[in-house]
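# Coordinate analysis (summary)
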Amino acid sequence: MVVRELGEAWRRLARRPGYALLSVAVLGVGLGVVLFLFTTVNSLILQPLPFPDVERLATVGEPRSNTIGGMDSDQYLALKDKLRSLDAMGAFDTVGVNLDDGTGAAHYRGAPMTAQLMHMLGVRPLLGRGLAAGDDASGAPRVVVLSEPLWRRAFHADPHILGRSVRVNGEWASVVGVLPARFNFPGGIQLWLPLRLQAGQHREIDVVGRLAPGVRMSGARAELDAWAARLGRDLPLGMHAEPLVIGSLAAGFVPRDMVRWVWLMFGAGVLVLLLACINVGNLRLVQTLQRRHEMALRSALGGSRARLMMGVLAESLWLGAAALALAFPITRACGDWLHATWVNAHPEQTLFVHGIDGQVVVFGIVVALLGTALAAGIPTWRVSRVDLQDALRDGSKGSGGGFVRVTRLMVVVEVALTVVLLVGAGTFVRAVDTLLATPNVGAAHASHVLTANVALPPALYQKDAQRIRFFHDVVEQLRHDPGVVDATASNAVPSAVLGSHEDVSLPGHAQPQDGWPRAQMAIADPHFLDAYGVRLLEGRFFDARDRADSAPVAVVDAKMADAMWPHDDALGRKLVLWPGRPQARSLTVVGVIEPLQLDGLLEKSLPGLLLPLEQSAGQQPLHGVGLAVRTHARAGSFVQQLDRAVHGVDPQAAVYAQASQARDMAQSRLGLSVLADVFAALGFMALLLAAAGLYGVLAFSVEQRTREIGIRRAIGAGGGAIVVQVGRRLFWQLGFGLVIGLVLAWPWSGMLADPGLHTRAHDPVVFVPVLLVVVGVSALAALVPLLRALRVDPAVALRYE
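Residues numbered from 1 in each chain as written. Predicted model: local features only at pLDDT ≥ 70, side-chain atom pairs only at ≥ 80, totals over all residues. Heavy atoms only, no water.

## Re the overall build of the protein chain
- For the protein chain, the count of helices and strands is 22 helices and 23 strands.
- Of all 801 residues assigned to the protein chain, the portion counted as buried reaches 52%.
- Relative to all contacts within the protein chain whose residues are 6 or more apart in sequence, the contacts with residues 24 or more apart total 82%.
- Surface summary for the protein chain: the accessible area is close to 34700 Å², and the carbon and sulfur share equals 60%. (Helix = DSSP H or I, 4+ residues; strand = E, 2+ residues; numbered from the N terminus. Buried < 20%, exposed > 50% of the residue type's maximum accessible area, 1.4 Å probe, protein only. Contact = heavy atoms within 4.5 Å. Areas by Shrake-Rupley, 256 points an atom, 1.4 Å probe, with all protein chains shown as cover.)

## Quick notes on unusual backbone geometry
- Here the residue pair F185 and P186 is connected by a cis peptide bond, since its omega of 0° sits within 30 degrees of zero.
- Note on placement: P186 falls in the loop between β9 (171-179) and β10 (191-194).
- Even without a glycine there, the phi angle at A657 is positive, about 55°.
- Positive phi, close to 55°, is recorded for H762, a residue that is not glycine.
- Along the chain, the position of H762 falls in the loop between α20 (719-752) and α21 (764-790).

## Digging into the packing of aromatic side chains
- Evaluated as defined, the whole model comprises 17 aromatic pairs.
- Seen in terms of ring centroids, F51 and F185 are 5.6 Å apart; in terms of plane orientation they differ by 80°. Their pairing is edge-to-face. Of the two residues, F51 sits in the loop between α2 (17-46) and β1 (57-61) while F185 sits in the loop between β9 and β10, which places them 134 residues apart along the sequence.
- Overall, the relative accessible area of 0% leaves F185 in the buried class.
- Their ring planes at 50° and their centres at 6.3 Å tell us that F266 and F363 sit as a pair that is tilted. In this pair, F266 is assigned in helix α7 (residues 256-290) and F363 in helix α10 (residues 358-385), connecting sequence segments 97 residues apart.
- Judged by its relative accessible area of 15%, F266 is buried.
- Ring pairs connect the aromatic residues F51, F92, F183, F185 and W192, which therefore count as one cluster.
- Of note, R260 hangs over the ring of W261, and the distance from its end group to the ring centre comes to 4.6 Å. (Phe/Tyr/Trp six-rings, centres within 6.5 Å; stacked < 30°, edge-to-face > 60°. Lys NZ or Arg CZ within 6 Å of the ring centre and 35° of its normal.)

## Regarding the environment of P595
- Relative to the elements of secondary structure, P595 occurs in the loop between β20 (585-593) and β21 (608-612).
- Accessibility expressed as a relative area gives 44% for P595, which makes it partly exposed.
- Filtering out sequence-adjacent residues up to four positions away, P595 remains in contact with V441, D557, A558 and K559.

## Examining the pairing of β1
- Most of β1 is tucked away, with five of its five residues classed as buried.
- Here four bridges tie β1 to strand β12 (residues 245-248), and the two strands are oriented antiparallel to one another. The residue of β12 that forms the bridge with A58 is S248. (Pairing = 2+ DSSP bridges.)

## Quick look at the packing of helix α13 (residues 464-479) against helix α16 (residues 639-649)
- The interhelical angle for the contact between α13 and α16, taken along N-to-C directions, is 135°, at an axis separation of 9 Å. Looking at the two axes, α13 sits oblique to α16. Along this stretch, α13 crosses α16, giving a crossing that reads as right-handed. Across the interface between the two elements, F470, D473, V474, Q477 and L478 from α13 touch L642, R644, A645, V646 and V649 from α16. (Axes fitted to C-alpha atoms, helices over the stretch in contact; angles between N-to-C directions. Parallel < 35°, antiparallel > 145°, perpendicular 65-115°, else oblique. Left-handed = near helix turned anticlockwise from the far one by under 90°.)

## A closer look at the nonpolar core
- Counting 130 residues, the largest nonpolar core has F185 and L610 as its most contacted members.
- Membership of the second largest hydrophobic core comes to 45 residues, among which are A452, L577, A635 and V655. (Core = buried A, V, L, I, M, F, W, Y, C linked by side-chain atoms within 4.5 Å.)

## Structural notes on the pattern of salt bridges
- Enumeration according to the criterion identifies 19 salt bridges in this entry.
- Note that D543 and R540 form a salt bridge whose closest N and O atoms lie 3.4 Å from each other.
- For the salt bridge of K559 with D557, the shortest nitrogen-to-oxygen distance reads 3.3 Å.
- Three or more residues are tied together by salt bridges with common partners; here these are D53, R56, D87 and R210. (Salt bridge = Lys/Arg side-chain N within 4 Å of Asp/Glu carboxyl O.)

## Here we look at the side chain of S550
- If you trace the backbone, S550 turns up in the loop between β17 (536-539) and β18 (553-557).
- At 2.8 Å, the side chain of S550 forms a polar contact with the backbone oxygen of R547.
- Here Q615 takes part through its side chain, which lies 3.1 Å from a polar atom of the side chain of S550.
- Contacts of S550, omitting those with residues within four sequence positions, involve R545 and Q615. (Polar contact = N/O pair within 3.5 Å; in protein donor to acceptor, adjacent residues only side chain to side chain.)

## So, α16
- By the burial criterion, the buried members of α16 are L642, A645 and V646. With its buried residues spanning 95° around the axis, α16 presents them on a single face. Exposed residues pointing more than 90 degrees away from the buried face of α16 are listed as Q640, R644 and G648.
- The inward-facing, buried residues of α16 abut β13 (449-455), α13, β22 (626-631) and β23 (654-660). (Arc of directions from axis to C-beta.)

## So, the side chain of D546
- Structurally, the position occupied by D546 is in the loop between β17 and β18.
- Engagement of the side chain of D546 in a polar contact is seen with the side chain of R540, the distance being 3.0 Å.
- Excluding its chain neighbours within four sequence positions, the residues that come into contact with D546 are R540, F541, V553, P612, E614 and Q615.

## Thoughts on a nonpolar patch on the surface
- A cluster of nonpolar side chains, contributed by Y695, L780, L783, V784 and L787, occupies part of the molecular surface with about 450 Å² of accessible area.
- If one sorts the elements of the nonpolar patch by residue count, α21 sits on top with four residues.
- Examined against the element boundaries, Y695 turns out to sit in helix α18 (residues 670-704).
- Judged by relative accessible area, which is 34%, Y695 ranks as partly exposed. (Patch = residues over 30% accessible without salt bridge, like charges linked within 9 Å, V, L, I, M, F, W, Y side chains within 5 Å.)

## Topic: the confidence of the model for the protein chain
- On average, residues of the protein chain carry a pLDDT of 81, and 82% of them reach 70 or more.
- Here residues 234-240 scores under 50 on pLDDT; set against residues more than four positions off or in separate chains, the count is 31 contacts.
- In this model, residues 395-403 is a region of pLDDT below 50 whose contacts with residues beyond four sequence positions or in other chains number 19 contacts. (pLDDT = per-residue confidence, 0-100.)

## Comments concerning the environment of G70
- Along the chain, the position of G70 falls in the loop between β1 and β2 (71-72).
- Judged by relative accessible area, which is 5%, G70 ranks as buried.
- In this structure, the C-alpha to C-alpha distance between G70 and I205, residues 135 residues apart in sequence, is 5.2 Å.
- When residues no more than four places from it in sequence are discounted, the contact partners of G70 are G61, E62, R64, E204, I205 and D206.

## Points about the environment of M560
- Following the sequence through the fold, M560 ends up in helix α15 (residues 558-564).
- Among the residues examined, M560 registers a relative accessible area of 1% and is labelled buried.
- A C-alpha to C-alpha distance of 8.8 Å links M560 and V592, two positions 32 residues apart in sequence.
- Apart from the residues lying within four places of it in its own chain, the contact partners of M560 are V504, A519, W565, P607, G608 and L609.

This is the structure we're talking about:
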């Protein structure tokens, strides 16, 4: 019986290909969206990282606003053998590495790592070995471990690679192993080096610990709190020594706000699937109503009501299976888009696999069954309650009674959900527009400023003074190029890349209860202002007077001047950097510049502080210093000249991450752009589904009332009266849907509010356009059915039945 009903359902669908294809497309898109968002939830939140005993692995470091950061290397050395709650601790870092295999140096993303950590992660080498105990000891022979992709691409999968000597950052090292491609820690890494730490080195590193058997995270946290209090704050420079915290391994890679937004996106995707199911359910109701006479005849001939319901369910099963087959390609296409726009720009996220696996397939089947059941549930329920004798008396064109009332109710739900989704889309699109309207810092056009990072061989540049001299020589060579307006060396890119956040104060001031004031700080050479077109408001900028042996100076922006000296002139004033610490420095303000946003566009705007590059030796790590070139032409046309200038000073230096300042700024708001794109796509799909639902119900209503309309036309009713009569119910459906949608969208808008993302709750600039768009699209969807009603011929309508 089941086979026969499935076969009959297939034939019925084949006789109505338009209805079947529309149902499959609508449900398939809804399923595809939910599956795509579930792959993101699954990879970032639900699925554990692919390491043995991963539930025992933990990230240890200083708290950040959204995640767990690193710690000072001296803290790590003091803790790694002291915590009884952790039976092992390891550390790693991520750096740019120049690798020369004999054909020339190339730049790769590398990870200095302790041998203990590689052992904790349980990696089995493809060839040779991983990092071993003793490799990270001072004076041990230099070794390097390659990733499988790098081994295949750069060394052509040479089976005799083990023992081969290569130059790593200008020094010879021996290749001791190749790790499989599936080992991707800490994300986007192409080679691993021993991490050699020494007391007093004060290097910022990331730390991973492994809980001892039977120890819970809360116990480790309590012991860590006790030890952290003993370490004190005697750390140099930007090592703030915040109280150390411990959390799951994923907590060091997935920001907390990302987890929140991923769940919110998934919830919005579920709403789209619900809309799709309602739409398909409406289509199924219409088709079921058109078959009422047929089902009544089958019942009169002995067919049971259960058999009739089974026929309705069989059609839905075919539609659900076809929709699921369509959903997987949609999921893969969306995943490829996410990889191209987000993951490739954030190498650490490649640690998480964004793809279709067994869990996603099972989830897809379950959701497809639930969606199919929802789409078929109401038609099946109506069949179970229909009066078949009444259907026989009404004939094939009866009024539909309860069927029509249910379709109207479902349209109200569609309109309400569409308002909710469009409010979400409008909230993020509005935030992106706000960011795009933010004026650039400085007069330089962002597309005419080329930025780049430079990796210098550590063996050749062991002293900061050597690094400063290198950047000075490169900048001078660039400034003599006729295509260059100006060039600078700095560790920040305005509105895109931050140097660091630091504590500041005035001399003699005590620490406030809420902590020292914070500032965005960067180190820069004397050409920074001209390279970016930043205006000098008072005083002077850095010049030849600001040497390493001269009095420390600083240039502040207008926000800093107003915050620190609101009623006085800032020039000549003293400013304390790192107050309350042994490394505190007294700086003399020699200049004031226009407000300078040194952090990404999504970050809070803080006062800005610049220090001269020449005075940063021994005070601020220079590994983050890069180059910026302001050109007459577009930045992309100057990449080769920049490479030649750097290699002209030192052929062993590697230039990487070349990009225009405009691209750097776009990168800083990439997360918001992705959210806006996803919510906009969901809102657009919701609008289309709601329009289709309104059109379908109104068209069905006109068809059902053809005879009534013909009679009204015959007795003299005008076109306006017909439109009012037909559109009255649509007006009430739309009105109820908008009211319910606004009630639901109000708290939803509050959930989406985030000052960091510039998203606002209850924004009238979002709500009013959403209402206008829904009303406008509804009017367009109703246009064709209303025109059809006006074209009803009374003579034909009276013969309709």
